Every structure is written in C-alpha cells, then in structure tokens.
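Per-entry structural report
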Amino acid sequence: MTTNYENIAEAVRTGEEDVVQKLVHQALDRGDSPQAILDEALISAMDEVGQLFEQEEIFLPELLVAANAMKAGVEILKPLLGEDAIKSYGTVIIGTVQGDLHDIGKSLVSMMLERGGFKIIDLGTDVSPENFIQSLKDNPETKVLGMSALLTTTMPEMKTTIEALEKAGLRDKVKVIIGGAPVTNAFAQEIAADAYAPDAVAAKNIVRQLVGEED
Amino acid sequence: MKKTVRCNRYRPFNDEQAKMVHETVLRVLGEIGIEVNEEEALELFQKAGAKVDADKSIARFDSELVMKLINQAPSNVTLWGREEKHKIVLGEDRVCIGTGGTAIRVVDLDTGETRASEIRDLHDMARLCHHLDNLHLYMLPLYPNDIPKENVDLNRFFSGIVNTTKHVMGGVYTVEGVRDVFEMCSLIAGSPDEFRKRPFISMITCVISPLKMDSHYTKLMIEAAKHGIPVVCPAEPLCGATSPITLAANVVHQVTESLAGVMLTQIVNPGTPVILGTVSSTTDFRDMRYICGGVEMGMISAAEAQMAQFYGLPFYAVGGMSDSKVVDAQAGYESAMTTLLNVLAGANFVHDAIGLFDFALTMSYEKCIMDNEISGMAMRAAEGIRVDEETLAFDVIKEVGPGGSFISHKHTARNMRKEHFLPKLSDRNIREKWAAQGGKDAARRAHDLAKKILDRPPEPQLPAEKLSAVTDRFPQIVYPAK
C-alpha cells in the first residue's frame, strides 16, 4: 500500500471526512484507478475498523464516524466506477411497527446495513402492515424485511404484519428479521420470523446470511 | 492510567466546625498531652520545647510549637514510581487510590480457599496490581507468614519493587529491616543520594490510640525520618473503643495523634517528607470489635482529609473495605461507599481501597479487580463535569435538531472516552449475550480477569543486573517466590 493509501485509511479510522476526500482527489489526480482506491484504501480501512469494533477496541460512535468518512470517499468514486462496480447485497425494507415511535435502534440497524452494502428503504416509525406491504409491492427486488419494536405492547404488531404478508401472498418473497429491546429469539420463532438480531452489528451479519452472502 | 484528580466537593465540616476541631486538638496536645514510651523521642520533644512530665512520660505541646512544626513539614510529598508516569504528588485536594494492609490471609485464586498469606502471594498481588489502571499507588498488602520476621521487611519491599514500577509503600517491622530496605533501594537507585532524590518507596509507622507513642513504632518512625524516606504516621482511633463513640471526637483523636508523629519527624529531620494518616474506624456494638465497612469510616476519613487540607499536610486516608468474607453485594456496596466519600473530599491517598475485606484481615484477587472498577468510577466522579463550549455543545444541538440522533455525530466519537468511564468488569450486555457467555456474576468475571493477568509469566520490573546485584547482596530474599 502506498503512503497515500495509509493516510486515507488513517483518516477513515479517525472519521476525518474532509481529509479522506482531499486524499482521494490527490490519488485520482496522480492517475490511480478508482477501483484500487476503493479496494485498497477505503474498504480495507473499513474492514480493519470493523475488526477493532468486534474486539471492543473501538465503539459504535467511532465506527459510525469512520463509516461516514468512508462514505465521503466513496461518493467521489461512485460516478467514476459506475453503479455496478459497487457491490450491493440487495434491498432491505425496514421500519418500527405500528403504534411504536422508537427510532434509534431501527435507524442504527439501517445505518449498519447501508454501510454493509445493502440498499435501504427506511419506512420510519409507526409503520402499519399495509405500509410494509405497499413498499414491498413498490420494490419487488426486496430480499429482506426488518421490523423493530421497543414496547412489549407493540411486539404483537410484528405477528400481525407477518400474517398480513401471508394473506397478501408475499411471505415467501422476503426473509423477515426482527429486533428491539424486549424481542427475543424465542419470540421470533413463535411468530415464525426468519431471524432475530440482538444488536445492529449482529443484524448486519445475520442479514448477510439471510441473503446468502455470508462473510 | 489517570493522573491524580483534584476534588473538594464533599466537606463534612463547615469552617466554624473545622475550627472547633482544630481548637480541641490544640487543647488535647496542650492540656492532656501524648504518652511517649520511647526515650529518644521524649528527649527530642523536650529539646524542641515541649513540656515533658518525665515520671509519666507525657509530652505536652503549646499551640505555637505545634504550628511551627506543622509548618516545617512539606505541604506536598512526591511519591516517585520507577517510571515517570507513576509519579504521584500527595497534597492539597489531589486524589489517588491504592491498596492497603497488612492482611494476614489471602483467598487463593485457584482453590478459592482462605489461607495464611505467603511471600508468593505478595509477588502475585504486586503483579496483578501493576496491571490495574485505577490503582495509582501500591501498598504492600500482605504479611508473608512463611518468612522469618527478621527477613520480612526486605522480602516484602522486594516483592513490590520487582513486580511493579508503581510507588511501593509499606509498613515496617524492624529497625534492621528499615536499614536493609534503604540499602536495597540505594543499590537500585545507584546511591543513597540518588534514592533520596526520587524515593520510589515510602514507609508507614504508627501512633497508638488513644494518645500513645509506642517504643517500637516510634523507633521505626525516627529511623525512617533519619533516612529521609517519606513516612506516614497514621493513628487508628476506633469509635467507642479507643476514642469516644462520637465521630467528631474520633477525628480529634486521629488528628492529634498523627500530628504527634508529624512533629517528631520534623524534629528528627526538619523538612523530611511526612504524611498525616488515618486508619480511623468504627466498632460492632455487639462486642466492640473493629469493623471496616461502615459508612462512618468514610465520613470520618473525609473529615480528616478536610483537616489535613486545613493544616496544609498531605493525607493518607482510609476507605474501600468491607466486612464481607466473599466478593458479594456487601463487598461491593460497602467498598464503593467509603471510597467515594473519600475521593469527593479530596483525600489525597485512599489506602486499603483495593482488595481488602473481612475486617482488613484478608486480601482477595477478585476483590482487587472489583475495587479497581470502583476506583475508576470514583475517580471519574471526582473529576466532575467539564463545562465549556465543547461540552455544552450548542452548535451540535443546533445541527442535529429536534428528532435527530447524536449517535453518528463526530462530537460523540470525539468526547465519549473523555467524558465517560469505561468499565472492565461491569456487564452491560443484553441478557441473551450475557447468558451465552456463561451467565457469570461480577465475582466470577473478576476471577476470570485476575486469572488472565496472573496466568501470564512474571515479568521482572528490574533490569537483570540490578536484580542480581540485589539478590547477591541479600541472599535472604526469596526469589522467584513459588
């Protein structure tokens, strides 16, 4: 790796978006290929950050600023690479179930999945079964549907939504993953969801498994 | 590791009350006096201007003499480590935390059995404490029951010095031992003068409550002061037993008695580094036995810290112990309570605060790990809340706005480690993850952490040539200790 790439990696780790962008431009100016910058500088830096996170050497906010810095670099490369060059694992629709306004955990999962290579359609909070179904119809390429609930009183909405999917004949088209503080693996099995994730990082890995792109 | 923190938010006395305590201390020193059962000390006191009743071996001090000798003592004492980062300055309202002693039993890490402590346990404790981030100062916590008394001082100090570069403080048992330890330290430092310039050990002697200087301990105090080794002269008044039952009178006793020690060191060697000290505590009313987990112990020690600040003397405080026999909830809440009271009062060195319980008779490796965590949390509390443009974060609040999230904001990543203590022992996992990791309680997790550190091979913290110079000169040193 050239010194320039080491500097880009360092700026990704420390979340310096401006520095990442400046260095990516410099690398392009001297004639480096966009693909090389993406693979050897940005993605490898993010992989390293991911490892540090899993070892609990760094924490979620640090991971996210690094992800944002990486994204800032990718934005420059995107038009040069073409959409196809950046690998996408597929589309995920996500939302907090009807009657529940909790946002943070769901948004975190959105962010992790997006940085993890998925296209995210985030329907926000208080999402009715009808809204989930409509979104699925509008985006037929969707592979995974994610639901979040923070209240024990809104957890049954997950079951209601899965039943609605069945009625609409869409249940077989998508994998369903659920999460949220009161949600458990046992509950996921009880309502016949495909998966449960205890946190946002696990969610990313499990969704990759669901779409057959296991790391 | 955090450097010492400044804090003086908990003030058990208001100014008027502190003055009343001070006036009572002066009355006790002037009207009642101290019994001094050591001839050299009594003569030194008399020469310095104390009124001595030779028949009763009582020395009385007028307020002018008391204040003159107190003012002669340094307000700050530097306790050097053998690495610059471990240097501690005791004094004013700075706070640090460490082990204490001297326990005679240890909970064996492998068998869980409580047994007589041996020299190998001192080595293991020092190795463990070297790795504990929130332990700033290492006090030799155990008595080696397998070492003949005449070799105890040397072996105890060696066990600390060879295993940690933190400052090593310890009680001493014989005058010859003090001399041996001084010679060993001079050998390591290069010369006696080099050692005196940066003393990386200090010694603890004691004054006996109520109002008594014992022959043996006073000899040790004089010996340490002559060598210019920093010396602590704590007293241990116990409510209802060796002091009146009331907390204020306990404070009066501790201050009076420890000041007698301070005065003696200043007569022996003017300006010698000396530390006002306490082991004050309370008693169990069923049999008036010593206890060390009462909240009052923390209150008394904090009050005495306030008096030490009043006199401008560095202070050796007491806290962080428990009367529990196992690492359980009682061990946690009692230890946390008195450690916190001390640090919030700016008690300079909270000794006994790591690993000690069971009436201060037993040391536990697991409790060291738990207390290290308590220490980190208490130090964080002592640091207080920083208020400036960065921490008030108006611009960040404006940028994120209503309904937004701060999780991925740079301000969060930038300040999280500075603003929040990161626990090593506490479990913060969701229930399922905790269960998957074995569903362990804090004691069990502490055990695993201690084991992880002690399973590593010992790393001597002395250069090979110093190590062999010391063990050649003193063949009575047991090393390696197995």
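Just so we're clear, the structure is a prediction, and the values are computed from it rather than from any experiment.

What counts and what doesn't
Residues numbered from 1 in each chain as written. Chains lettered and ligands numbered in written order. Predicted model: local features only at pLDDT ≥ 70, side-chain atom pairs only at ≥ 80, totals over all residues. Helix = DSSP H or I, 4+ residues; strand = E, 2+ residues; numbered from the N terminus. Rg over C-alpha atoms; globule rule 2.2 N^0.38 Å. Buried ≥ 20, exposed ≤ 12 C-beta atoms within 10 Å, placed from the backbone. Contact = placed C-beta atoms within 7 Å. Domains from an automatic or database assignment. Pairing = 2+ DSSP bridges.

As a further point, take the overall build of chain A. Scanning chain A from N- to C-terminus turns up 9 helices and 5 strands. In sequence order, the secondary structure elements of chain A are arranged as α-α-α-α-β-α-β-α-β-α-β-α-β-α. Over its C-alpha atoms chain A spans a radius of gyration of 19 Å, differing by no more than 12% from the 17 Å that the globule rule assigns to 215 residues. The dimensions of chain A, computed from C-alpha atoms along their principal axes, are 55 × 35 × 25 Å. A total of 215 residues make up chain A; the buried ones form 40% of that total.

A few words on the overall build of chain B. Broken down by element type, chain B carries 18 helices and 21 strands. For chain B, whose C-alpha radius of gyration is 23 Å, the value lies close to the compact-globule estimate of 23 Å for 482 residues. When its C-alpha atoms are laid out on the principal axes, chain B stretches across 80 × 55 × 50 Å. When burial is assessed residue by residue, chain B has 50% of its 482 residues classed as buried. Residue pairs in contact within chain B that sit at least 24 positions apart in sequence constitute 75% of those at least 6 positions apart.

Glancing now at the environment of isoleucine 275 of chain B. All names here are of chain B. Position of isoleucine 275 relative to the elements: it lies in strand E15 (residues 274-278). It is 4.6 Å that separates the C-alpha atoms of isoleucine 275 and valine 232, two residues lying 43 residues apart in sequence. Sequence-distant contacts of isoleucine 275, that is, excluding residues within four places in its chain, are made with Val77, Leu90, Pro230, Val232, Pro314, Phe315 and Tyr316.

Moving on: the domain arrangement of chain B. When the parts come together, some accessible area is lost, and that loss is often what is quoted as the size of the interface. If you check the domain split of chain B, you get domain 1 (5-13 + 71-383) and domain 2 (389-419). Computed over C-alpha atoms only, the centres of domain 1 of chain B and domain 2 of chain B are separated by 42 Å.

What follows deals with the sheet that holds strand E3 (residues 142-148) of chain A. Residue and element names in this part refer to chain A. Spatially, 5 strands are ordered E2-E1-E3-E4-E5 in an open sheet, and the strand pairing comes out parallel. Only two strands of the sheet have a single neighbouring strand rather than two, namely strand E2 (118-122) and strand E5 (195-196). Of the strand pairs in this sheet, strand E1 (residues 90-96) and E3 are connected by 6 bridges, and their pairing is parallel. Counted as the bridge partner of valine 92 is valine 144 from E3.

Residues and elements named next belong to chain B. For valine 107, the location among the structural elements is in strand E8 (residues 105-107). When the 24 C-beta atoms within 10 Å are taken as the criterion, valine 107 is described as buried. Each C-alpha atom, one on valine 107 and one on serine 117, is 8.6 Å from the other, the two residues being 10 residues apart in sequence. Leaving out residues up to four positions away in the same chain, valine 107 has contacts with Gly112, Thr114, Thr362 and Ser364.

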